[in-house]
Amino acid sequence: MHNFAIIEEFARLRTVTYYTLRREDGIVSETDDFLNRMKRAPEYTDQFQQVLQWIEFIGDMEKGAHPHLFRSAGNCVALPPNATHLAEPIDLRLYCHLVNKHIVILYNGGIKTTRTAQECPNVSRHYYNAQSWTKQLLAIGIETSGRTITNIEELYLKF
Amino acid sequence: MASQLFRQLLKEVSPENKQYVKKNLDIAYQVLDILETHPTIKTQKALAEALGKEPSEISKWLSGLHNLTLESITKMEVALGRDIILTDQQARQRYEQGFKDLQVYKIDHFKPAPNSISFPGWSGKRNITYQQTDKKSGPTL
């Protein structure tokens, strides 16, 4: 199935502009869909709040979106970053495409319940979509000026 | 259009979660800053070697979401020869002393002084000279 997707600004912070994707027929963006679902999961409130705060701090820090602040997820990245020895493992995943240190495209995500994202009923769809969209965006070639994407407004993306 | 939902949810983040993420990111960025200016340890890989750790472990330490212990922070400080965390009191002591040592000792409106700093926006007639105080003999004019 093919759909038009609109690339739209999600949040413009001091150093980083976050973009997201919205299906042409969709009411909410991919990332707002993630936020809507996660805010209704009280057992993950702390993890969810930390990811939100993460997005804001990275966006406001002088160095911007440094790759080591994200975890690798196939051909894209995800939040939160890798960490070991935490009191509780972090199960939340928000997939994203790191264009450069000033521009990040946030996709969708969820709570990962299995060892790999590919086999998780919650996040596998978002994981595969993120892989596919990143591949398509890389093929198109994103042009930027400062903290702004200049050459893409409407994409023909495969969902 | 920017996400109103994101803005709204950010306001609901608890002070503890906000501070937890802030402290982790502060430490991660501070170490990256030190690596940028360090004479010999310039990469995470070099830091890993200095600490006898795997590079992947250091990468996790610096991910910003690692539950860093005081022990691991101290190990990095020793390896880098620099403080990663400064308390408010330590910072004040360190930088106040620095400002005391830096004295303006001569303002010459007409001719350039040795060690002068010129300000292109100014008329060129004014030179302010700064010199580090020599604690034993005082400033050399």
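Computed from a predicted model, the values in this text were never measured in an experiment. (Residues numbered from 1 in each chain as written. Chains lettered and ligands numbered in written order. Predicted model: local features only at pLDDT ≥ 70, side-chain atom pairs only at ≥ 80, totals over all residues.)

> Before we go on, may I ask you to explain the overall build of chain B in this structure?
On a plain count of helices and strands, chain B comes out with six helices and three strands. Sequence-ordered secondary structure for chain B, helices as α and strands as β, is α-α-α-α-α-α-β-β-β. Relative to its 141 residues, chain B shows a buried fraction of 15%. In chain B, once contacts between residues fewer than 6 apart in sequence are set aside, the share between residues at least 24 apart is 44%. (Helix = DSSP H or I, 4+ residues; strand = E, 2+ residues; numbered from the N terminus. Buried ≥ 20, exposed ≤ 12 C-beta atoms within 10 Å, placed from the backbone. Contact = placed C-beta atoms within 7 Å.)

> I tried to follow the interface of chain A and chain B on my own but got confused; where do I start?
Many analyses report the size of an interface as the accessible area lost when the parts associate. At the junction of the two partners, chain A supplies 30 residues and chain B supplies 25 residues. Element by element, the count of residues in the side of chain A that touches chain B is highest for helix H2 (residues 45–60) of chain A, at eight residues. For the side of chain A that touches chain B, the class distribution of residues is 13 nonpolar, nine polar and eight charged. (Nonpolar A, V, L, I, M, F, W, Y, C, P; charged D, E, K, R; others polar.)

> Would you mind showing me how to read the nonpolar core here?
Looking at soluble globular proteins, one finds that nonpolar side chains tend to be buried together. All names here are of chain A. Leu 94, Tyr 95, Cys 96 and Val 104 are the most contacted members of the largest nonpolar core, which has 56 residues in total. The biggest single contributor to this core is H2, with six residues. With residues near it in sequence (within four places) discarded, Val 104 still touches Val 16, Tyr 18, Ala 65, Cys 96, Leu 98 and Val 99. (Core = buried A, V, L, I, M, F, W, Y, C linked by C-beta atoms within 7 Å.)

> Help me out: how do you make sense of the pairing of strand E6 (residues 103–111) of chain A in this one?
Residue and element names in this part refer to chain A. For E6, a buried count of eight out of nine residues is recorded, marking the element as mostly surrounded by other parts of the structure. Bridging between strand E2 (residues 17–23) and E6 involves four bridges; their strand directions are parallel. What sits directly across from Thr 20, in E6, is Leu 106. Bridge count for strand E5 (residues 92–100) against E6 is seven bridges, and the pairing is antiparallel. When the sheet's bridge partners are listed, Leu 92 is paired in E6 with Ile 111. (Pairing = 2+ DSSP bridges.)

> Where do I start with the pairing of strand E4 (residues 76–79) of chain A in this structure?
Residue and element names in this part refer to chain A. Of the two faces of E4, the one lined by Cys 76 and Ala 78 and the one lined by Val 77 and Leu 79 are each fully buried. Hairpin geometry of strand E3 (residues 71–73) and E4 is characterised by an intervening segment of two residues between the two adjacent antiparallel strands and by a positive phi of about 65° at Gly 74. Taken together, the three bridges between E4 and E5 define a ladder with antiparallel strand orientation. Note that in E5 the partner of Ala 78 across the bridge is Tyr 95.

> Looking at this model, I keep getting lost on the environment of Thr 74 of chain B. Mind explaining?
Residues and elements named next belong to chain B. Within the secondary structure, Thr 74 sits in helix H5 (residues 70–80). Taking the C-beta count within 10 Å as the criterion, Thr 74 has 12 such neighbours and is therefore assigned exposed. When the C-alpha positions of Thr 74 and Ala 48 are compared, they lie 14 Å apart, and in sequence the two are 26 residues distant.

> Just checking my understanding: could you explain helix H1 (residues 30–38) of chain A for this structure?
Along an α-helix, a turn takes 3.6 residues, which lines up residues three or four apart on a common side. For H1 of chain A, a buried count of seven out of nine residues is recorded, marking the element as mostly surrounded by other parts of the structure. For H1 of chain A, the set of buried residues is Glu 30, Thr 31, Asp 32, Asp 33, Phe 34, Leu 35 and Met 38 of chain A.

> Is there a simple way to think about unusual backbone geometry in this case?
Glycine aside, negative phi is the norm for most residues, and most peptide bonds take the trans geometry. Look at the link from Leu 79 of chain A to Pro 80 of chain A: it is a cis peptide, with omega at 0°. Topologically, Pro 80 of chain A is positioned in the loop between E4 and E5.

> I tried to follow the confidence of the model for chain B on my own but got confused; where do I start?
The predicted coordinates ought not to be read in detail in places where the model reports low pLDDT. All names here are of chain B. Taken as a whole, chain B shows an average pLDDT of 74; of its residues, 65% reach a score of 70 or greater. Per-element confidence in chain B ranges from a low mean pLDDT of 51 for strand E1 (residues 102–108) to a high of 94 for helix H1 (residues 4–11). Listed scores for the predicted complex are pTM 0.74 and ipTM 0.89. (pLDDT = per-residue confidence, 0-100.)

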